[in-house]
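Next come the chains, spelled out residue by residue.
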Amino acid sequence: MNNLGSILLEHVPFKNSQLQSRIAMAPMTRMFSPEGIPGEDVASYYAKRATNGVGLIITEGTAINHPAAVMSENIPRFHGDDALQGWKQVVSEVHRAGGKIIPQLWHVGAARKAGSLPNP
Ligand SMILES: Cc1cc2nc3c(=O)[nH]c(=O)nc-3n(C[C@H](O)[C@H](O)[C@H](O)COP(=O)(O)O)c2cc1C
């Protein structure tokens, strides 16, 4: 492997912890969380990235607790016991695979389709 490759794959300090590599995954919307609840496939999607060497995963945009936060019920929420229980599973599988993960919090507001609820 060339120098750049080996530098990317080095462990690196991160706050009071450590990342398994310098590779970070950008947030990418998926819309595979029916009723806003991230399920087993979401956990396995992120865990696979950690297994394959991503040091830090930034999740897809997740909805804060506001009715205009997102434009689809398939976007995972970051509030409510049901959704947070799902995220707990995601975090635990990512950690087991050696990765770290942080949520991207979303309130897309006026970026939603014109005419959509709650204030069309
Ligand atoms: C399918 C897809 C979904 C994305 N969803 C998000 C998202 O949820 N939040 C976000 O900030 N950026 C999102 N992005 C942008 C990416 O995070 C990233 O910034 C971009 O792909 C980096 O490449 P670029 O700067 O060349 O566009 C998305 C990109 C793609 C391709």
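Residues numbered from 1 in each chain as written. Predicted model: local features only at pLDDT ≥ 70, side-chain atom pairs only at ≥ 80, totals over all residues. Heavy atoms only, no water.

Student: Is there a simple way to explain the packing of aromatic side chains in this structure?
Tutor: Aromatic rings considered in pairs are described by the distance between their centres and by the relative angle of their planes. Under the definition given, this model contains three aromatic pairs. Relative to Trp87, the ring of Tyr46 lies with its centre 6.5 Å away and its plane at 40°, an arrangement referred to as tilted. Of the two residues, Tyr46 sits in helix α2 (residues 40-51) while Trp87 sits in helix α3 (residues 81-96), which places them 41 residues apart along the sequence. We classify Trp87 as buried; its relative accessible area is 4%. (Phe/Tyr/Trp six-rings, centres within 6.5 Å; stacked < 30°, edge-to-face > 60°. Helix = DSSP H or I, 4+ residues; strand = E, 2+ residues; numbered from the N terminus. Buried < 20%, exposed > 50% of the residue type's maximum accessible area, 1.4 Å probe, protein only.)

Student: Looking at this structure, how should I read the sheet that holds strand β3 (residues 24-25)?
Tutor: Each strand in a sheet pairs with another by means of backbone hydrogen bonds, the pair being arranged parallel or else antiparallel. If you trace the three strands from one edge of the open sheet to the other, you get β3-β4-β5, paired in parallel fashion. Of all the strands in the sheet, just β3 and β5 (100-106) have a single pairing partner and so form its edges. Two elements, strand β4 (residues 56-63) and β5, share six bridges in a ladder whose sense is parallel. In the strand pairing of β5, Ile57 is matched with Ile101. Relative to β5, α3 is tilted by about 145°, and along the sheet it contacts β4 and β5. (Pairing = 2+ DSSP bridges. Contact = heavy atoms within 4.5 Å. Axes fitted to C-alpha atoms, helices over the stretch in contact; angles between N-to-C directions.)

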